[in-house]
Amino acid sequence: MNTEITEYSGAIRNAGTNVSTAVWVSCLLLLAFAGFACSIQPQMPPWAFMWTVALVLFAGCKWLTWWRACRPFESPNDDEKVQAAPTWIRAGYLLAWVGMDAQAFLRTMRPIAKPPKARWFFACAKAGFGSALLWGTVRMIPASAGWLRGWVGLSGLVFLLHFGLFHLLALAWQRAGVDAPPIMRAPILANSVADFWGRRWNLAFHQLAHEFVFRPLRRKVGVPLATIAVFVVSGLVHEIVISFPARGGYGGPMLYFAVQALAVLFERFWRPTGGRARLWTFLCVAGPVGILFHPTFINRVILPFMKVIGAS
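Structural notes, computed from the coordinates. (Residues numbered from 1 in each chain as written. Predicted model: local features only at pLDDT ≥ 70, side-chain atom pairs only at ≥ 80, totals over all residues. Heavy atoms only, no water.)

### Things to note about helix H9 (residues 223–246)
Residues three or four positions apart in an α-helix share a direction because the helix packs 3.6 residues into each turn. The first and last C-alpha atoms of H9 sit 34 Å apart over 24 residues, in line with the 34 Å expected at 1.5 Å per residue. Considering bend angle alone, the principal kink of H9 is centred on Glu239 and spans about 35°. (Helix = DSSP H or I, 4+ residues; strand = E, 2+ residues; numbered from the N terminus. Expected span 1.5 Å × (residues − 1). Bend = angle between axes of the 7 residues up to and from the residue.)

The structure is reproduced here in C-alpha cells:
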C-alpha cells in the first residue's frame, strides 16, 4: 500500500512538471510571436492583425491543453485516466473544436447522448439571426451612425460565431460520440456576475483560466486573490486582441475586467435574488461594455472588417 501511494505521489509530481514545462514553452513561443507581431503590424490592416493575434493565442492554448491531456498521470482510479482516443479525435480537438476541455473531449469511451433535433434548429436560428444582423440590419443604419453600425455588426458576428456556428460544431461532435458541450450556455439566464463568467459565457476561456490560473493560485493565495488574477489575465488577453490591433484604447479592457472582478468579490457578501439578480448582472456585465469594445476598436477594426466581408 505504501509503495502504491509513493508511486502515485511521484506520478502527480511528474505530471506537474510536464504541465510546468508546457506552460514555459508556451510563454516562450508567445514572447517570440510578440516580437514578430510588432514587426509585421504596420504592414497589416488592423482587422487582419486582430484575427492573426487571436488565432495564434487560440492555437497556443489548444496546444497547452492537448499537452496536458495527452500526458495524464497514472492514478489508481480508472476514471481519472484519459482513454486513448483515435488519431482523428485528437486531430479534431486541435483543428476542429473551439473548447479547451481536452480531457473530456478525448475521453471517447464515455457514452454521449445524441442531441435532439430541437437543438439543431435552435443553433441554426441563432446563426441565422447573427447573419441577419450582420448583412441585413447594418445596411439599414445610416452611414453617419458609424458607432451604431459597428455595434450591431459586432453583435451579429458574436451571434453568428459563438452562439450559432460554434453550437452547431458542438452538436456535430456530440453526434459523433464526443463530449463537446457548447461554449455558450444561455448567458442571458445568469443570475449573478459569477454565474455569468463561471458557468455561461465562453466556457473555453473559463476552462483554461480555471486550470492554469485559478486552481494553482487558490492553494497559495486564496480564492479572492486567485479570482482577481483570473480577471487580470482576461484583461491582458483582451488588451492584446482588442487594443493592440486597434493601436489605441489601451486600458479599457483591463478596466472592464477590473469592474467584473470587483462585482464577483462583492457577491461573496451580497447577492440579490429574483428579478433584481438579473438586473444586477445585466448592469455589471453590459453596463461598462463600451470600455471593453472601445470606440477605437469599433472604428479601426470592426467597421473596416465589415466592409471587407460585405456587411456594410
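### With respect to unusual backbone geometry
In this model, Ala186 sits at a positive phi of 45°, which is unusual for a non-glycine residue. Looking at the element boundaries, Ala186 is found in the loop between helix H6 (146–175) and helix H7 (193–200). Positive phi outside glycine occurs at Asn202, with the angle close to 45°. For Asn202, the location among the structural elements is in the loop between H7 and helix H8 (203–221).

### Brief notes about the layout of surface pockets
Each pocket or cavity is described by its volume, and for the second largest pocket that value is around 330 Å³. As for the second largest pocket, its lining consists of 19 residues, of which Asp101, Pro181, Arg185, Leu203 and Gln207 are closest to the centre. Ranked by residue count, the leading element in the lining of the second largest pocket is H8, at five residues. Residue composition of the lining of the second largest pocket, by class: nine nonpolar, five polar and five charged. (1 Å grid on protein atoms, 1.4 Å probe; cavity = no way out; pocket = protein on both sides within 12 Å on 5 of 7 lines; lining within 4 Å. Points joined across faces, edges and corners; volume = space filled by probe spheres on them. Nonpolar A, V, L, I, M, F, W, Y, C, P; charged D, E, K, R; others polar.)

### Focus: the side chain of Ser234
Structurally, Ser234 is set in helix H9. Apart from residues lying up to four places away in sequence, Ser234 is in contact with Phe205 and Phe257. (Contact = heavy atoms within 4.5 Å.)

### Points about H6
For H6, which comprises 30 residues, the first-to-last C-alpha distance of 42 Å matches the rise-based estimate of 44 Å (1.5 Å per residue) to within 8%. Roughly 30° is the biggest bend found in H6, and it falls at Phe166.

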